[in-house]
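# Architecture at a glance
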Amino acid sequence: SYGECLKLMIINGLGFTSRPLYLEAQFFSSRPVNRFLMKDCESAINDDRLGRTLDKVFAFGCDPLFASIASQAALRFGVSKKFCHLDSTSMEVDGEYEDREGIGLITFGYSKDHRPDLKQFMIYLMSSQDGDVPLLAKTVAGNTSDQKLFRERLREIKEQIQEGETTYFVSDSALYTQKTIGTLSSSIKWVTRVPEKLVEAKRIIEYEKPLEELEVGYSGKEFISHYGGVEQRWLLVYSEQAYIKEEKTLKKHIHKEKEQANRELNQWSQTDFDCEKDAKDCLRRWSKKLKYHCLEEMEVVSKRVSKGKGRPKRDAPLIYRYRITAKLKEDENRIEANLRTKGQFIIATNELDTTQLTSRELLQSYKGQQSVERGFRFLKEPAFLTPSVYLKSQKRIIALGMVMCLCLLVYMIAQR
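To keep things clear, this report deals only with the structure shown in the data block. (Residues numbered from 1 in each chain as written. Predicted model: local features only at pLDDT ≥ 70, side-chain atom pairs only at ≥ 80, totals over all residues. Heavy atoms only, no water.)

## Considerations on the environment of Arg 52
Worth spelling out the cut-off: Secondary structure follows DSSP: runs of H or I at least 4 residues long count as helices, runs of E at least 2 residues long count as strands, and numbering of each begins at the N terminus. Contacts are residue-level and defined by heavy atoms, with any inter-residue pair within 4.5 Å sufficient.
Within the element layout of this structure, Arg 52 appears in helix α4 (residues 47–60). Between the alpha carbons of Arg 52 and Cys 5 there is a distance of 9.7 Å; along the sequence they are 47 residues apart. Those residues in contact with Arg 52, other than ones at most four positions away along the chain, are Tyr 2 and Arg 396.

Structure (structure tokens):
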């Protein structure tokens, strides 16, 4: 049956064999299929039957099928759904993949693996913080925006939430837009990171304030915000570990800027200017692009040049050219101001009741975002199915994406 074929695909996927679909029959030729399915049907396993299974899965609906299976698994094993984490990742593929079906799955898009030269599709996951168990999965086009995807998925989830349930949906800053939180705030609870580019966020991060210890290595302070017309709690968090990491990165940037600026200064020192003012003005304009350095010991040197060839005549007009030299030094004030913002980030939630979600729980729920990222690492494991996406039909690729997520579901339930 199609269900039995799906079961065999999951067993194959968890075997980490990295085989394309047309070799799956070969994989099971040396396996006890009669034990897996409680009947002898080894001769019926072939790539045509498995391909038809993927067609049927797509026709039935990959999203509702996965949600139904995951829901039953969560219920049977008592998986807590209090905190659910949302994220997406890109899966690169090789080949032309002509879109004869008009689905538009395989496209170029923003690659989270830094491979913009390859076509890709995206996998969206919602996982529980309890055991990293995937609860929802969806295969979408490779150029899909996270902001649009999260907003659409949460709108669909909103209609399924029953009264009395308290579920917090946790995401990165892609969820935090005026349009999204304005749509969702009155119906479901969310926890997300605030983009640091927001004016209000910059003001809070740059402002010196006393912080209270939340847990070992973390301290923070709460604020009330009305961004996007939604009343919400903002938790400013300082992480010692993040500060050490970001401080090292800043030092690398300072060193890199110094090397680049010295090379450009050398070029400026060999450039002729018509007057002293022009030389100083050009160098000052150039120095404004420096983030961590400033100029010192600026000196202008003039030299007489002749017009035309040969020895100049006695009554020839005097012509001067000017060259400028300067040295760099680190701008301690700007570097210090930059360091004061390191290791800090803001978490937002529309749960205003601090007894329902304390500051410490808010921090722990956001740190749990790694649960869905661990799922992506599993799906991208080189020995897993992803190198074997050789299917020409985009419908079958969508169905295979669901099978990959079912493998993740079984793996995470077993691990839990």
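## Re the packing of helix α9 (residues 240–268) against helix α10 (residues 276–287)
Our working definition: A fitted line through C-alpha atoms represents every axis, and for helices the fit uses only the stretch in contact; the resulting angles, taken between N-to-C directions, go from 0 to 180 degrees. What sets the label is the angle itself: under 35 degrees gives roughly parallel, over 145 gives roughly antiparallel, 65 to 115 gives roughly perpendicular, and the rest give oblique. Two helices cross in a left-handed way if the nearer one is turned anticlockwise from the farther one by less than a right angle. They cross in a right-handed way if the turn is clockwise. Ten residues, namely Ala, Val, Leu, Ile, Met, Phe, Trp, Tyr, Cys and Pro, are considered nonpolar, four, namely Asp, Glu, Lys and Arg, are considered charged, and the remaining ones, Gly among them, are considered polar.
Two elements in contact, α9 and α10, have axes whose closest approach is 12 Å; the angle formed by their N-to-C orientations is 165°. If you check the angle between α9 and α10, you find them roughly antiparallel. Considering only the axes of α9 and α10, their crossing is right-handed. Where α9 approaches α10, its residues Ala 261, Glu 264, Leu 265 and Trp 268 are matched on the opposing element by Cys 282, Leu 283 and Trp 286. Residues belonging to the contact of α9 with α10 are distributed by class as follows: six nonpolar, no polar and one charged.

## With respect to the side chain of Thr 192
Note the cut-off: Definition of a polar contact: a pair of N or O atoms within 3.5 Å, with one able to donate and the other able to accept a hydrogen when the atoms are protein atoms, and with sequence-neighbouring residues admitted only if both atoms are side-chain atoms.
In this fold, Thr 192 is placed in strand β5 (residues 189–193). Reaching out from Thr 192, the side chain makes a polar contact with the backbone oxygen of Ser 171 at a distance of 3.3 Å. Within the local environment of Thr 192, its side chain forms a polar contact with the backbone oxygen of Asp 172, the two atoms lying 2.7 Å apart. Each residue touching Thr 192, except ones within four places of it in the same chain, is listed here: Ser 171, Asp 172, Ser 173, Leu 175, Tyr 176, Ile 346, Ile 347 and Ala 348.

In short, shape yes, function no, at least from these values alone.
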